Amino acid sequence: MGSTWGSLRYKIIAMDFENILEDIQNGILTITINRPAKLNALNKITIQELHSAFSEAELNDRVKVIILTGSGEKAFVAGADISEFSDFSAEEGKQLAAVGQEKLFDFVANFPKPVIAAINGFALGGGLELALAAHFRIASENARMGLPEVSLGVIPGYGGTQRLPQLVGKGRAMEMIMTAGMIDSNQALQYNLVNHVTSREELLDFAVEMATKIAGNSLVAISSAIKAINANYGDGVNGFEIEIEEFGNCFATADFKEGTTAFLNKRKANFPGK
Ligand code: COA
């Protein structure tokens, strides 16, 4: 049973997608959005494929941490695919935002395993919103970030009006959204939009280094931490109560036994992940 399940899980990661690439090494799954000719714009298929890749990664014990990036020299993701919605009605627009938020953006934000966005170029519109949904962001110095939707006569619909102010503050978010302008990586760092800036060449190595550090900790505890941190931003949810609940739950885990035993025995913990 164990080996059949194991090989099934291996196949899941090796699955072929049209617009994304996956690579898993040492528990770190790198998902690369791969439509460079369209600057990795998020069309319907790509959103569906990302949903599938994340769903599979959730079930796959081999996946500890996820790095999300874009292919090519220029873009992380240059937005939602404008060609797909230019003739939509109000109702279709609502559907587009609702389905996208549920399948991808909220799904990533609440994902139980850590998700790092490695922003390698333009992150605009839905591209920046995807990076905002990730648990944290690092960017290469050539990256450019913005929410240009109002220049198209629309507003951010994949969580940007909510998640951008949470990170950069209301005034800066208002300015970025109203001007539809782009900021560079260093300004993004100053705004707390990204945590680190690297050279273009070093971005993925740096992301892997961070992911490796994270993967050495208890992923069961990290999953609880994600829930508790996100609870601060949920409607009608008391984050302190969620923290108490999740804190208590940790005590019943094998990871907690291992972590505390290893500390008391002056050795490095080897977390079973349960
Ligand atoms: N949706 C659909 N196609 C897009 C796209 C998007 N969001 N962003 C880029 N593309 C396509 C372009 O149409 C072009 O396709 P083509 O070669 O078939 O004409 C290709 O990607 C390359 O883009 P191009 O505009 O030629 O590159 P550039 O270097 O001159 O400009 C940007 C780069 C990012 C400034 C520009 O592509 C842009 O403004 N994109 C739209 C950004 C946006 O408004 N996003 C929010 C959407 S809600």
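Anything mentioned here points back to the structure above.
Residues numbered from 1 in each chain as written. Predicted model: local features only at pLDDT ≥ 70, side-chain atom pairs only at ≥ 80, totals over all residues. Heavy atoms only, no water.

> Just give me the short version of unusual backbone geometry, but keep the residues and values in it.
You will see that Leu39, though not glycine, has its phi angle at about 50 degrees, which is positive. Positionally, Leu39 belongs in the loop between strand S2 (28–33) and helix H2 (44–59). Relative accessible area serves as the criterion here: at 24%, Leu39 is assigned to the partly exposed category. Look at Lys266: it is not a glycine, yet its phi comes out positive at around 55 degrees. Here Lys266 lies in the segment after helix H11 (254–264). Classification of Lys266 as exposed rests on a relative accessible area of 79%. (Helix = DSSP H or I, 4+ residues; strand = E, 2+ residues; numbered from the N terminus. Buried < 20%, exposed > 50% of the residue type's maximum accessible area, 1.4 Å probe, protein only.)

> I'd like a rundown of the environment of Leu42, residues and numbers included.
With respect to the helices, strands and loops of the structure, Leu42 is situated in the loop between S2 and H2. Taking the C-alpha atoms as reference points, Leu42 and Lys266, separated by 224 residues in sequence, lie 48 Å from one another. Once residues within four sequence positions are removed from consideration, Leu42 is found in contact with Ile47, Leu50, Val77, Gly79, Ala80, Asp81, Phe105 and Gly126. (Contact = heavy atoms within 4.5 Å.)

> I'd love a proper account of the site of the ligand, names of residues and values included.
Taken together, 15 residues lie near the ligand, and Lys38, Lys74, Ala78, Ala80 and Ile82 sit nearest. The separation between an oxygen atom of the ligand and a polar side-chain atom of Lys74 is 2.4 Å. Backbone polar atom of Ala78 to a nitrogen atom of the ligand: 3.0 Å apart, as the coordinates give it. (Near = heavy atom within 4 Å. Polar contact = N/O pair within 3.5 Å; in protein donor to acceptor, adjacent residues only side chain to side chain.)

> Quick one: what's the story with the nonpolar core, residue by residue and with numbers?
Formed by 49 residues in total, the largest nonpolar core has its most connected members in Leu50, Phe54, Ile119, Met145 and Leu193. Excluding residues that lie within four positions of it along the chain, Leu50 makes contacts with Ile20, Ile31, Ile33, Leu42, Leu68, Leu104 and Leu130. Counting 13 residues, the second-largest nonpolar core is a separate cluster that includes Ala118, Ile138, Ala211 and Ile222. (Core = buried A, V, L, I, M, F, W, Y, C linked by side-chain atoms within 4.5 Å.)

> Before we move on, could you go through the sheet that holds strand S4 (residues 75–77) and cite the residues and values that matter?
What the four strands build is an open sheet, ordered S4-S6-S8-S9; its pairing is mixed. What marks the edges here is a single partner per strand, and that holds for S4 and strand S9 (182–184). Neighbour-to-neighbour, the strand axes of the sheet open up by a mean angle of 20 degrees, direction not taken into account. For strand S6 (residues 122–124) and strand S8 (residues 144–146), the ladder comprises three bridges, and the chain directions are parallel. By the bridge assignment for S8, Ala123 is matched with Met145. Docked against the sheet, helix H4 (residues 126–133) engages S4, S6 and S8, running at close to 90 degrees with respect to S6. (Pairing = 2+ DSSP bridges. Axes fitted to C-alpha atoms, helices over the stretch in contact; angles between N-to-C directions.)

> Provide a residue-level description of the layout of surface pockets, including the pertinent values.
Empty space within the largest pocket amounts to approximately 780 Å³. Lining the largest pocket are 31 residues, with Ala109, Ala134, His135, Asn230 and Tyr233 sitting closest to its centre. Of all the elements in the fold, those that place two or more residues in the lining of the largest pocket are helix H3 (90–109), strand S5 (115–119), H4, strand S7 (136–140), helix H5 (160–168) and helix H9 (219–231). Counted by class, the lining of the largest pocket contains 17 nonpolar, 10 polar and four charged residues. (1 Å grid on protein atoms, 1.4 Å probe; cavity = no way out; pocket = protein on both sides within 12 Å on 5 of 7 lines; lining within 4 Å. Points joined across faces, edges and corners; volume = space filled by probe spheres on them. Nonpolar A, V, L, I, M, F, W, Y, C, P; charged D, E, K, R; others polar.)

> Give me a negative patch on the surface: which residues, what numbers.
Together, Glu141, Glu201, Glu202, Asp205 and Glu209 give the surface a local cluster of negative charge. Summarising the element assignment, Asp205 is placed in helix H8 (residues 203–215). For Asp205, a relative accessible area of 56% gives the class exposed. (Patch = residues over 30% accessible without salt bridge, like charges linked within 9 Å, V, L, I, M, F, W, Y side chains within 5 Å. Areas by Shrake-Rupley, 256 points an atom, 1.4 Å probe, with all protein chains shown as cover. Salt bridge = Lys/Arg side-chain N within 4 Å of Asp/Glu carboxyl O. Lys, Arg positive; Asp, Glu negative; His and termini not counted. Charge placed at Lys NZ, Arg CZ, Asp CG, Glu CD.)

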